[in-house]
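Fold and contact review
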Amino acid sequence: MAGSNPNAKPMDLTLKVWRQRNRTADGQLVDYQVKNISPDMSFLEMLDVLNEDLLHKGEDPVAFDHDCREGICGSCNLYINGRAHGPEPGTTTCQLHMRKFKDGDTIVVEPWRAAAFPVNRDLSVDRSAFDRIIQAGGYVSVNTGGVPDANEIPVPKSIADRAFDAATCIGCGACVASCKNASAMLFVSAKVSQLALLPQGQVERKTRVENMVAQMDKEGFGACTNIGSCAAECPVGISLENIAILNREFLAAKATSNNLA
Amino acid sequence: MKLDAKIPEGPLAEKWEKHKFNVKLVNPANKRKYDVIVVGTGLAGASAAASLAELGYNVKAFSFHDSPRRAHSIAAQGGINAAKNYQNDGDSVFRLFYDTIKGGDYRAREANVYRLAQVSVNIIDQCVAQGVPFAREYGGLLANRSFGGAQVSRTFYARGQTGQQLLLGAYSALMRQIAYGKVKMYNRTEMLDLVVVDGQARGIITRNLITGEIQQHAAHAVVLATGGYGNVFYLSTNAKYSNATAAWRAHKKGALFANPCFTQIHPTCIPVSGDYQSKLTLMSESLRNDGRVWVPKTVEMAERLRKGEIRVSDIKEEDRDYFLERKYPAFGNLVPRDVASRNAKMMCDEGRGVGASGLAVFLDFSEIIQRIGVEGVSQKYGNLFAMYEKITDENPYEMPMRIYPAVHYTMGGLWVDYNLQTNVPGLYATGECNFSDHGANRLGASALMQGLADGYFVIPYTIGDYLANTPPKPVTTEHPAFQEAEAQVRERLQRFMGINGTRTPDEFHKALGHIMWEYCGMARNAEGLQHAKQAIQQLRKEFWSDLKVTGLNEELNQTLEKAGRVADFLELGELMVDDAYNRNESCGGHFREEYQTPEGEALRDDENYAYVAAWQYQGDNVPEVLHKEELTFENVKLTQRSYK
């Protein structure tokens, strides 16, 4: 019923899917055939079809992360035909629809590949490094209660909008997966800029950027070499400008603070 | 069992202040001697875990996600209500209270709802202080919009991503406490049972989803913030992992389950497109502020449209039936969710639905596009329009959206008293997991409000009252109740692995969802409910004899996870049917076809059903026992809801 092209025919596809039993096991690409795929299906619904099929055959289904299937929770993370979240710009894997593919296509499906994101199983990876970076300072240190009335902190609309644009990051890790250095700069910079722009973030501005960058390095993410594939592949359009802001914030903090050795 | 809601004495407006003074405090030096378990780290859980840790308690927090930032609170689009009256348009704590009680069709507790309205103002202050980027006016102050059946502008929002921004705020507070070592976070860990020692909640049994390891965790109190159970219906706007297991396991250990049949069907969702459909996507209710809902005036025209013989643009203005504006001139397209959903269903039942299946109505933006232009509309709703186009491949700037109701929220949940404590001492339930504030229907932008109210501003006070009466002695997992619960969990996992049948967990889940939607969905009747009960019992039998799960317990096994959740849905579904059958009235989201006004509106029976139905588990395949908490209304007059 949905879709502007009700005559679009179901598709038969070949999938090459990364299978890996656990973190330490060796993995490999395994070929699967899926048939009768409706163009209106989402990519994950196509994988659901594959998994039901495997289960009926008594084989282990392909493990993959997903949850909201609305493009906001940041769980889904497939590297499809060599691109994070597949061929459609500005789209998470769960919002990618099969109408973007053709009958007879071969589709390669891999997990995010980065040393800091070890594979749990098949297509599921461990992104807890992102949490640890936020723990290093991605917050404003206020306890519950004892805060001023909301309208006592006015914020110019233009600043609030820019902060929002940075805050919209869903933490999926596509930036890391797309980067040849597996750098997490876009992720880190989104949080640093959001809080550096807002008045609420000023008090901890310097320590925040220093601590978050230090943690990023500790997690084993690579350095940024200004290629920009992170922003190009980001499903929610986090701008490369944030990395420039991060660099400036970091430099300013290092030049003027004694907060960190 | 006598249900005591423990509502404080005194005038409505003073109850919470008085209660805060009367609750016992835990000495600051003693707080670190208490351990609290928080299960679920969405809005209600993350805010509770962070706030309790800030107070000095030792918190263990559990999430089945890879990070607390993935919780389904993140998907809430429209906004969060607060009685700030920043717009000078007549809002007040009492008005928010009144709207919530009325919107809930007089099936919620006055005292709880009033407190919710009171603390709503603190939530906005808290979130702004955390750096949550709410929408603002050019003068730098916060912007508001009216939302979902409210006649004042009290909804704070962050474009169409309010839930995301609020959750990231609570998440950042939680991350800060993890860094301080006050919260120990267990990601990818699912609660599979509650441990009750001498009648008190003392811990939980969990399974590590990566390794399959079963663990015991002890604490002085347990807070469940595990969300709702809308996925009983298989297709819903809930995230795929959202499930009832933690709450249901607690129910089977003695916690009462209240008003399970109160489910909210959201009117503006993208219609089902095929059998493979895995979930439904909500289009924010804010769209109803500017979108106009209509169907063709005649069945004949609707048929021709469905067959593709005519196009939308061929239907003249006078041949369009803007049925909500016609039937409810005062509220128009902004009637509460239950009313909007039911009317959409009525139109489709009449044969005037649109789309190939006829199970959709139009949500039309042509008027506002003419008024403020494509650019203006894009600023307001850009991300929602883009999401619609991605899913349907249709451009809503050029043709009206097609929408249909879908299961969205569950007002029912674990029974709690005023302190948010269940009838099991030491066990608390917050957010969507409890039943307390929304009655039979929740108003838009009130779920975020309740989750954060419970977590930031209620639990930190009320749990102290309980802990102050509990000796600050270390708790351990030494008690046999822990071994027993773990043995039961292991036995159950073994059972799933050992059936070796032919049908997958998803197949059973879909079959259950079909029964629930057909007989316990938007409209229910006694005959259908009786049929549904038998069908669910039959399906449950088949589940336990024909389930197929591959792999091992000792590894990441998503099929095994699903099996456990579906097994619980198969029991909860039957209780929902029982509850719907018991409630011989229509109210809010619960519409019994036998009980309606001549105009087809919900007909309440306040004399016999102004109570909370709290069900007590008696054993597998034994009917549950109903306990009633009578609702008394001293501050509002019960009226037939009218939005005309």
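As a convention, each chain's residues are numbered from 1 in the sequence order in which they are written. All chains are assigned letters beginning at A, and all ligands numbers beginning at 1, according to the order in which they are written. Restriction of local features to residues with pLDDT of at least 70 applies here, the model being predicted, together with a cutoff of 80 or more for giving and counting side-chain atom pairs; totals for whole chains, interfaces and linings are based on all residues. Calculated side-chain values reflect all of the structure's heavy atoms, with hydrogen atoms and water omitted.

A separate point is the overall build of chain B. Within chain B, the regular secondary structure consists of 17 helices and 19 strands. Computation of the radius of gyration draws on C-alpha atoms alone. For the globule rule, the value is 2.2 Å times the number of residues to the power 0.38. Computed over the C-alpha atoms, the radius of gyration of chain B is 24 Å, within 12% of the 26 Å expected from 2.2 N^0.38 for a compact globule of 644 residues. The C-alpha extent of chain B, read off along each of the three principal axes, is 75 × 60 × 50 Å. Buried positions account for 68% of the 644 residues belonging to chain B. Starting at the N terminus, helices and strands are each numbered in turn, a helix being any DSSP run of H or I of at least four residues and a strand any DSSP run of E of at least two. Each residue is placed in one exposure class: buried if its accessible area under a 1.4 Å probe, protein chains only, is under 20% of its type's maximum, exposed if it is over 50%, and partly exposed if it falls in between.

All names here are of chain A. Start and end points for every domain follow an automatic or database-based domain assignment. Each assigned domain of chain A is listed here: domain 1 (11–121) and domain 2 (128–256). Domain 1 puts 17 residues into the contact, and the matching count from domain 2 is 17 residues. Around 1200 Å² of area is buried between domain 1 and domain 2 when both sides are counted, 61% of it from carbon and sulfur atoms. By definition here, a salt bridge exists when the distance from a side-chain nitrogen of Lys or Arg to a carboxyl oxygen of Asp or Glu is within 4 Å. Applying the counting criterion to the domain 1 and domain 2 interface returns 1 salt bridge. Note that R83 is salt-bridged to E233, the shortest N-O span being 3.0 Å. Polar contacts, as counted here, are pairs of nitrogen or oxygen atoms within 3.5 Å of one another; within protein the pair requires one atom able to donate a hydrogen and one able to accept it, and residues that are adjacent in sequence qualify only if both atoms are side-chain atoms. Scanning the region where domain 1 abuts domain 2 turns up 3 residue pairs in polar contact (both at pLDDT 80 or more). Under the convention adopted here, Pro, Cys and the residues Ala, Val, Leu, Ile, Met, Phe, Trp and Tyr are nonpolar, Asp, Glu, Lys and Arg are charged, and Gly plus all remaining residues are polar. Its residues assigned to classes, the side of domain 1 that touches domain 2 shows 9 nonpolar, 7 polar and 1 charged. Any two residues having at least one pair of non-hydrogen atoms within 4.5 Å are treated as being in contact. As a working definition, buried area equals the accessible area (1.4 Å probe) given up by two parts on being put together, with both sides summed.

In this section: empty space enclosed by the protein. Rolled over the atoms, a probe with the dimensions of a water molecule shows which regions are left empty. Each cavity reported here is a set of points on a 1 Å grid over the protein atoms alone in which a 1.4 Å probe fits but cannot get out, each pocket an open set with protein on both sides within 12 Å along at least five of seven lines, and each lining residue one with an atom within 4 Å of a point. Grid points are joined across faces, edges and corners, and a volume is the space filled by probe spheres set on the points. On inspection of all chains with the given rule, the structure shows 19 cavities of 30 Å³ or more. There is about 480 Å³ of room inside the second largest cavity. Along the wall of the second largest cavity there are 38 residues; nearest its centre are A:H66, B:D506, B:Q558, B:T559 and B:K562. Secondary-structure elements contributing two or more residues to the lining of the second largest cavity are α1 (43–56) of chain A together with α14 (505–520) and α16 (558–582) of chain B.

Before going further, it helps to examine helix α6 (residues 162–179) of chain B. Residues and elements named next belong to chain B. For α6, spanning 18 residues, the distance from its first C-alpha to its last is 26 Å, which sits close to the expected 26 Å at 1.5 Å a residue. A large share of α6 lies buried, amounting to 17 of its 18 residues. Residue G181 follows α6 closely and has a positive phi angle near 85°. In this scheme, a helix's expected span is set at 1.5 Å multiplied by one less than its residue total.

As a further point, take the pattern of salt bridges. Charged atoms that come close allow side chains of opposite charge to pair. Applying the stated rule across the entire model yields 69 salt bridges over all chains. In this structure, A:R127 engages B:D66 in a salt bridge whose closest nitrogen and oxygen atoms are separated by 3.2 Å. Of the two residues, A:R127 sits in the loop between β7 (124–125) and α2 (128–135) while B:D66 sits in the loop between β2 (58–62) and β3 (80–81), which places them in two different chains. Classification of B:D66 by relative accessible area gives buried; the value is 8%.

Let us look at the domain arrangement of chain B. In many analyses, interface size is given as the accessible surface area lost on bringing the parts together. Residues and elements named next belong to chain B. By domain assignment, chain B separates into domain 1 (266–407) and domain 2 (480–610). Placing a centre on the C-alpha atoms of domain 1 and another on those of domain 2 gives a separation of 31 Å. On the domain 2 side, the residues contacting the 11 residues of domain 1 number 9 residues. Taken together, domain 1 and domain 2 are joined by 0 salt bridges. Counting across the interface, domain 1 meets domain 2 through 2 residue pairs in polar contact (both at pLDDT 80 or more). If you list the elements that add at least two residues to the side of domain 1 that touches domain 2, you get α10 (337–349) and β15 (401–410). Ranked by residue count, the leading element in the side of domain 1 that touches domain 2 is α10, at 5 residues. Partitioning the side of domain 1 that touches domain 2 into residue classes produces 6 nonpolar, 1 polar and 4 charged.

Our focus in this paragraph is the layout of surface pockets. By volume, the largest pocket amounts to about 1200 Å³. What lines the largest pocket is a set of 47 residues, among which A:F164, B:R159, B:G160, B:Q161 and B:N383 lie closest to the centre. Looking at the lining of the largest pocket, the elements that each hand over two or more residues are α3 (157–167) of chain A together with α11 (366–392) of chain B. No other element matches the 12 residues that α11(B) contributes to the lining of the largest pocket. Grouping the amino acids of the lining of the largest pocket by side-chain chemistry returns 20 nonpolar, 16 polar and 11 charged. Quantified by volume, the second largest pocket comes out at close to 840 Å³. For the second largest pocket, the lining is made up of 34 residues, of which B:V272, B:L359, B:H514, B:W517 and B:E518 are closest to its centre. Mapped by element, the contributors of at least two residues to the lining of the second largest pocket are α10, β15, α14 and α15 (526–546) of chain B. Here the element with the most residues in the lining of the second largest pocket is α14(B); it accounts for 6 residues. Its residues assigned to classes, the lining of the second largest pocket shows 19 nonpolar, 8 polar and 7 charged.

Moving on, we get to the packing of aromatic side chains. Residues and elements named next belong to chain B. Working definition: rings of Phe, Tyr and Trp (its six-membered ring) pair if their centres are within 6.5 Å, and the pair is stacked with planes under 30 degrees apart, edge-to-face with planes over 60 apart, and tilted otherwise. For the structure on display, the rule yields 31 aromatic pairs over all chains. Between F97 and Y114, the ring centres sit 5.4 Å apart and the planes meet at 65°, which makes this aromatic pair edge-to-face. Within this pair, whereas F97 is found in helix α4 (residues 93–103), its partner Y114 is found in helix α5 (residues 110–130), the two being separated by 17 residues in sequence. Accessibility classification places F97 together with Y114 in one group, the buried group. On the numbers, 6.3 Å between centres and 80° between planes, the contact of F496 with F543 is edge-to-face.

A few words now on the interface of chain A and chain B. In this complex, chain A contributes 79 residues to the contact, which on the side of chain B involves 88 residues. Across the pair A:D149 and B:K84 runs a salt bridge, and its minimum N-O distance is 3.0 Å. For the side of chain A that touches chain B, the elements supplying multiple residues, two or more each, are α1, β6 (119–121), β7, α2, α3 and α5 (185–197) of chain A. When residues of the side of chain A that touches chain B are assigned to their parent elements, the largest contribution, 7 residues, is made by α3(A).

Let us look at the sheet that holds strand β19 (residues 625–630) of chain B. Residue and element names in this part refer to chain B. Being paired, for any two strands, means DSSP has found at least two bridges between them. Strand order in this open sheet of 4 strands is β16-β10-β18-β19, and the pairing throughout is antiparallel. What marks the edges here is a single partner per strand, and that holds for β16 (413–414) and β19. Judged from the 2 bridges that link them, strand β10 (residues 257–258) and β16 form a sheet pairing that is antiparallel. The residue bridging A258 from the neighbouring strand is G413, located in β16. Each of β10, β18 (611–616) and β19 touches α16; the most contacted strand, β18, lies at about 145° to it. Here, axes are lines fitted to C-alpha atoms. For helices the fit covers the stretch in contact, and angles between N-to-C directions go from 0 to 180 degrees.

To continue, consider the side chain of B:T410. All names here are of chain B. Structurally, T410 can be placed in strand β15. Under the relative-accessibility criterion, T410 is labelled buried at 1%. Only 3.1 Å separates the side chain of T410 from the backbone nitrogen of Y229, close enough to count as a polar contact. Each residue touching T410, except ones within four places of it in the same chain, is listed here: G228, Y229, G230, F262, T263 and E432.

Turning to the nonpolar core, a few remarks are in order. Within this scheme, the nonpolar core is defined by two criteria: the residues are buried Ala, Val, Leu, Ile, Met, Phe, Trp, Tyr or Cys, and they are joined through side-chain atoms within 4.5 Å. In this structure, A:F221, B:I80 and B:F134 are the most contacted members of the largest nonpolar core, which totals 231 residues. Excluding anything up to four places from it in sequence, A:F221 contacts A:A116, A:F117, A:A129, A:F130, A:I133, A:V176, A:N181, A:A182, A:S183, A:A184 and A:M216. Within the second largest apolar cluster, 27 residues are counted, among which are A:L47, A:I80, A:L96 and A:L123.

Turning next to unusual backbone geometry. Residues and elements named next belong to chain B. Of note, R188 is a non-glycine position whose phi angle comes to about 45°, a positive value. Relative to the helices and strands, R188 is located in the loop between β5 (183–186) and β6 (189–197). Residue class for R188 comes out buried when judged on its relative accessible area of 11%.

Moving on, we get to the environment of B:E527. Residues and elements named next belong to chain B. On the secondary structure map, E527 appears in helix α15. Given the relative accessible area of 65%, E527 is considered exposed. Taking the C-alpha atoms as reference points, E527 and Y581, 54 residues apart in sequence, are found 9.0 Å from one another.

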